[in-house]
Amino acid sequence: MTLRRFGRRNPTIVIGALLLLLVTAAAIAAPLIAGDPLLITPVDRLLPPSEKYWLGTDHLGRDVYARAVFGARISLLVGVAVAAVSVVVGLGIGLAAGYWRQVDAVVMRFMDGMMAIPAILLAIALVSLNRASVFIVVVAISLPEIPRVVRLVRSVVLTVREMPYIEAAVSGGSRGRKIVIRHILPSTVAPLIVQATYIAASAILIEAGLSFLGAGVPPEIPTWGNMIASSRLFVARAPWTIFAPGTLLALVVLAVNLVGDGLRDLLDVRLARRM
Amino acid sequence: MIGTIVRRLLSMLPVMGVVAVCVFLLLHLAPGDPAAIIAGENVSPENIARIRAQLGLDQPVWRQFLVWVGSLLTGDLGQSMFWGDSVTSLIGQRAEPTISLAFTTVMVAVFLAIGLGVLAAACAGTLVDRLVMGFAVMGFSVPVFVVGYLLIFVFAINLKWLPVQGYTPISEGVAPWLRNLVLPSIALGMAYVALIARITRTTMLDVLAEDYMRTAKAKGVAMRPMLFRHALKNAAVPIATVVGNGVALLIGGVVITETVFNIPGVGRLVVDAIARRDYPIIQGVIMVFSGVYVLVNLLVDLSYTFLDPRIRD
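Residues take numbers from 1 onward in each chain, read along the sequence in its written order. Numbering of ligands from 1 and lettering of chains from A proceed in the order in which they are written. Per-residue local features of the predicted model are confined to residues with pLDDT of at least 70, and side-chain atom pairs are confined, for both listing and counting, to 80 or more; whole-chain, interface and lining totals are unaffected and use all residues. The basis for the side-chain values is all heavy atoms of the structure; hydrogens and waters are excluded.

**Topic: the overall build of chain A**
1) Next: Secondary structure elements are defined from DSSP: runs of H or I of at least 4 residues count as helices, runs of E of at least 2 residues count as strands, and each element is numbered from the N terminus. In terms of regular secondary structure, chain A is built from 11 helices and 0 strands.
2) Next: Across chain A, helices and strands are ordered from the amino to the carboxyl terminus as α-α-α-α-α-α-α-α-α-α-α.
3) Next: If you line up chain A on its principal axes, its C-alpha atoms span 80 × 50 × 30 Å.
4) Next: Relative accessible area decides the class of each residue, using a 1.4 Å probe on protein chains only: under 20% of the type maximum gives buried, over 50% gives exposed, and in between gives partly exposed. Across the 275 residues of chain A, 57% fall into the buried class.
5) Next: Of the roughly 12,300 Å² that chain A leaves accessible, carbon and sulfur atoms contribute 67%.
6) Next: Treating the 26 positive side-chain charges of chain A as one cloud and the 15 negative ones as another, the clouds have centres 6 Å apart. Reported accessibility uses the Shrake-Rupley method at a 1.4 Å probe radius. Residues are deemed covered only where the shown protein chains occlude them. As used throughout, the charge tally considers Lys and Arg to be positive and Asp and Glu to be negative, leaving His and the chain termini uncounted. The atoms used to mark charge sites are NZ of Lys, CZ of Arg, CG of Asp and CD of Glu.

As structure tokens, then:
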């Protein structure tokens, strides 16, 4: 299938992916394409977008464009890291719970309890009890996502383990671990890819929420969430300070969601769920 | 029926037990010393020791856990470090705005979402369908606080139709109460509407493909009764499940919405506690919100037999 035909058949994936590529490139090249995001210029406070400041300035005279470009780094980093951590950990637990019945009951009760804890509150608690850092934010957002991955993986394992080819592998003398890794694991890949994109989207939203509430990464790192939080009082006077990072945030999450929806249709996965 | 309800209520206990264990383990085994962090910079070791004793952190972990679970069972969520009051009474004082916000949001969102979902399913493949689904993807993607500020900017600051921020208790009249809740409810409900509209469309499409729907159509049932009386009834159970699960979204959203609109509810209580490192409040609010989530999902479970008489326990 040529690239053009792929694009015509899956417009959502291509549009979403292009947008993400663009934002990723900007985030990586941030020091080259934007000025100092921390530079305070009191004379230039609350200036509307202009040739000098493309997206205006905030109440401290900081360049909103520079801050927005650097802010993309945290959003993307957290999205990718949370998706990776929760998928890897959830996959391990899910495979074990689905295949070995002894582990299953205990693990799943524990997961039910974890799912009942509101993600953002758990993250607030963990972040506020530790020194603020990107690492602790990633851990705090990953923890509530793990049970969702576990449930997904487990349901795939429960279906697959009844298949004749597993029975064949068992009677062929394969042992538990080999069966799980060689014969069951591959079936979980497609739904996990879709789930991982949804997790990345929700992680970016939760990180922004945490930064907005003052429970995110250290405040000296510019993020879209803390940019909006610090400009709260200026929504009437300087709406660009809120809507510039806000639009970027919405666009990136939208792009990730579009890729997720497109992949879901492409890979024909019905199991993966948002939330 | 009453027997079932009692049995299901009792089945909540183990889940809440696990929640208690999770909250306890996560917060107590997390690296970092809560006492040192609560105390802040430049404090003497004696002060840290005092805070540790006040929190009971000088006790062995198993003992701390038993003490905590013991007081949980009596409805005691501990004492706020900042206010000195009991967490239970602080939550009680802040409950009205949060319950009001949740109530108006759920009422509007569920009806709106089901309407949109049915509409999209009935017009599957058309522009209307694509618009509704496009709106749904947007609803998942735009964060609560961005929607919130957009609404404030347009409807409160520029058009001056509604108040910018704040909350009026319902005892001061239903109209002012509602006026303050319109914008927050829309902001909070966006993602919830998107979620429910989407599942409504999917399940409705499945139901509409069934043989009995073709029969209904063939015998001349009009469009609207066919959609709502025949199809929606059969799609009710999966929709109810998502309405229940989606409460998790609302709980996270409430914390942010109350901050954006300056509503003095339980969400604000927790956000104010972040800066003050008021750890018992954060822990207590997590327990209460988790309990609400479990209870709502229990009610949803119980509603299955009512929504679909084929389901009997």
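So that's the structure; there's more coming.
**A word on unusual backbone geometry**
Of all residues except glycine, most have a negative phi; of all peptide bonds, most are trans.
1) Next: Of note in the backbone geometry, A:Leu46 takes a positive phi value of approximately 50° without being a glycine.
2) Next: Here A:Leu46 lies in the loop between α3 (30-33) and α4 (64-99).
3) Next: Given a relative accessible area of 12%, A:Leu46 falls into the buried group.
4) Next: Of note in this structure, B:Asn262 is not a glycine but carries a positive phi near 55°.
5) Next: Taking relative accessible area as the criterion, B:Asn262 reaches 38% and is therefore assigned partly exposed.

**Details of the UniProt feature "transmembrane region" (unreviewed entry) in chain B**
1) Next: UniProt positions are given in the numbering used here, feature names are shortened, and annotations may be inferred rather than shown by experiment. The UniProt feature table records "transmembrane region" (unreviewed entry) at residues 12-30, 99-124, 131-157, 177-197, 235-261 and 281-307 of chain B.
2) Next: Counting secondary structure, residues 131-157 of chain B comes out at 93% helix and 0% strand; the distance between its end C-alpha atoms is 28 Å.

**A look at the interface of chain B and chain A**
The parts lose accessible area when they come together, and the size of an interface is often stated as this lost area.
1) Next: Residue-level contacts link 52 residues of chain B with 49 residues of chain A.
2) Next: Accessible area that two parts lose when put together, evaluated with a 1.4 Å probe and summed over both, is termed the buried area. Summing the contributions of chain B and of chain A, the shared interface buries around 4,300 Å²; its carbon and sulfur component is 78%.
3) Next: Here, a salt bridge means any Lys or Arg side-chain nitrogen found within 4 Å of an Asp or Glu carboxyl oxygen. For the pair chain B and chain A, the number of links is 1 salt bridge.
4) Next: A salt bridge links B:Arg198 to A:Asp261; the nearest nitrogen and oxygen atoms lie 3.2 Å apart.
5) Next: Any pair of nitrogen or oxygen atoms within 3.5 Å is treated as a polar contact; in protein, a donor-acceptor pairing is required on top of that, and neighbouring residues in sequence qualify only through side-chain atoms on both sides. Scanning the region where chain B abuts chain A turns up 5 residue pairs in polar contact (both at pLDDT 80 or more).
6) Next: Among the elements of the structure, α1 (2-29), α2 (34-39), α6 (127-141), α7 (144-158), α8 (174-208), α11 (247-260), α12 (266-276) and α13 (279-307) of chain B are those that each provide at least two residues to the side of chain B that touches chain A.
7) Next: Following the grouping adopted for this structure description, the nonpolar residues are Ala, Val, Leu, Ile, Met, Phe, Trp, Tyr, Cys and Pro, the charged ones are Asp, Glu, Lys and Arg, and the polar ones are all others, Gly among them. Partitioning the side of chain B that touches chain A into residue classes produces 40 nonpolar, 8 polar and 4 charged. The criterion used for residue contact is that any of the two residues' heavy atoms lie within 4.5 Å.

**Looking at the UniProt feature "domain: ABC transmembrane type-1" (unreviewed entry) in chain A**
1) Next: Residues annotated in UniProt with the feature "domain: ABC transmembrane type-1" (unreviewed entry) correspond here to residues 72-260 of chain A.
2) Next: Secondary structure across residues 72-260 of chain A divides into 82% helix and 0% strand, with the first and last C-alpha atoms of the span separated by 20 Å.

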